[in-house]
Amino acid sequence: MRRATLLCVSVAFPVVLSAQGAGPSRTTLLNHVTVIDVNGSPPMRDMAVVITGNRITAVDLAGRVRVPPNAETIDASGKFVVPGLADMHHHLDTGFSMPGLPGAGRAGPQDFKRHLAQMLAWGFTTIFSPAHTYPDLKDFTSLRSAASDDTAPLARYFGVGRAITVKGGHASQPPFVWPEVMQAIIAEAHALGLRAYVHAPNLRQAKEVLRAGADGLVHSVVDAPVDDEFIGLMKKNRASYTTTLSVFAAFADVAAWMQRLEALDERGVIPKKVFDAYTSPDGARNYYAAFGTMTKEQPEYLRSNVRKVVDAGILVLSGTDTSVPGVLIGVSSQMELILLVEAGLTPTEALRAATINAAKMLGRENDRGTVEAGKLADLSCSMPIRSRISGTSARFLASSKAVSSTIQRNCSPPTAEAARPLTS
Ligand SMILES: [Zn+2]
């Protein structure tokens, strides 16, 4: 049997459970806020967003909205609101530890909750893991259930549990799964009503897994420009394409990547020694020894491929591969949006990759992903600090999950508790 280049496959429930815990039924008015519509309209200024319980109940002009009596009013002048952001490739670890160093940054189950809280503080209400780090899946399910509670100050946690590979294998290193086995895994997943998401970042591998029926690629194609055959297979499968430009940016030039992340971490949430470790000559040398180097063409393939798949109408998802050494928690998820814009996406396209497209992948687009009446009040608030992501000069500072009582806190800069520096 021919050895395949296929790497690993993750299987996910096609419909992921939404939050079950209803928030308190009080009403909050987020007044005079600028709403950024991910459908491509210009930012809508001086708007009112009414939230009752865990739902948005009205979005209208501030002077026109009907506000129920006893609503708690928050003056959000000067703030922006977008749908809660999602990082659709995230393994819940910090990404602090240098390759080969045991311990540092290797989170345990308790830390995972703290990391979900951190993601919320970075503006992300949802993360999706294509492989849960710990073998005990009870931890995975209890974490997922805790994070789905609207009242928990944690980003919602979706994912597939453990990834499937061969004994001794890893997503990026041989031995790999044979193509016949890959086909059987995907067929079995489909027979069970599950979806299969595959790590296959090279064009030939990506086509093989798509022919086998894959429902999504968890990385961009890095080694070659995507072609018509690839686009055709993606469309046929209605497959999603998770960008992870962050992990490739780290692989391309880890020192430059760290400098960019440090500049974006204006609150100083990431310990300075983490940046220093990666930018030192030894750090960079160790990094490339562990991960290899990229050709000078590959960063351009990544950018042009993202542009091509968006143009082809494929469901593109913003994701980072946070937890890979150097792909640092939170700040990388924000940087991914910037990288998408640098790759040629419009700010709206980048935001869609992190909002409504993520909701579609989870089968929850009727319930979240836009700022509209009837949807879950998962929101990301921002302040006009500087123009990094969009022409609106918005930058995401914090998000709020579907509970009116937390909107006030989260539409201001994060609390000292949420933003306290992480330990490495
Ligand atoms: Zn990964």
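As the structure is a prediction and not an experimental result, all values here were calculated from the model. (Residues numbered from 1 in each chain as written. Predicted model: local features only at pLDDT ≥ 70, side-chain atom pairs only at ≥ 80, totals over all residues.)

**Regarding the overall build of the protein**
The condition that has to hold: The numbering of helices and of strands both runs from the N terminus, where a helix is a DSSP run of H or I of at least 4 residues and a strand a run of E of at least 2. Between the buried cut of 20 or more and the exposed cut of 12 or fewer other C-beta atoms within 10 Å of a residue's own C-beta lies the partly exposed class, and all C-beta atoms are placed from the backbone. Any two residues are considered in contact once their C-beta atoms, placed from the backbone, lie within 7 Å.
Looking only at helices and strands, the protein features 15 helices and 15 strands. Put simply, the protein has 424 residues, and 51% of those count as buried. Partitioning the intrachain contacts of the protein with sequence separation of at least 6 by distance along the chain shows that 73% fall at a separation of at least 24.

**What to know about the pairing of strand β4 (residues 55-61)**
Convention followed: In this description, strands pair whenever DSSP reports at least two bridges between them.
Inspection of the sheet shows strand β3 (residues 44-52) paired to β4 by 6 bridges, in the antiparallel sense. If you follow V49 over to β4, its bridge partner there is V59.

**Regarding the nonpolar core**
As a reminder, the rule being used: We define a nonpolar core as a collection of buried residues of the types Ala, Val, Leu, Ile, Met, Phe, Trp, Tyr and Cys that are connected via C-beta atoms lying within 7 Å of each other. What counts as a domain boundary in this text is fixed by an automatic or database domain assignment.
Counting 115 residues, the largest nonpolar core has V49 and V81 as its most contacted members. Of the domains in this structure, domain 1 (8-18 + 85-361) and domain 2 (27-84 + 368-419) are the two that each give at least three residues to this core. Here V81 is in contact with L30, V33, V35, V49, V371, L379 and C381, once residues within four sequence places are set aside.

**As for the environment of V226**
When you line up the elements, V226 lands in the loop between β11 (216-217) and α5 (228-237). Separated by 20 residues in sequence, V226 and A206 have C-alpha atoms that sit 9.8 Å apart. Here V226 is in contact with L203, V221, I231, N305, K308 and V309, once residues within four sequence places are set aside.

**Description of the pairing of strand β10 (residues 195-199)**
The criterion, for reference: When the strands point away from the viewer, a crossover counts as right-handed if the path from the first strand over the helix to the second runs clockwise.
Counted residue by residue, β10 has 5 buried out of 5 residues, so it is predominantly covered. In β10, alternate side chains face the same way, and those of R195, Y197 and H199 on one face and A196 and V198 on the other are all buried. When β10 meets β11, the two strands line up parallel, connected through 2 bridges. Within β11, the position partnered with V198 by the bridge is L217. In this fold, β10 hands off to helix α4 (residues 203-211), which returns the chain to β11; that crossover is right-handed.

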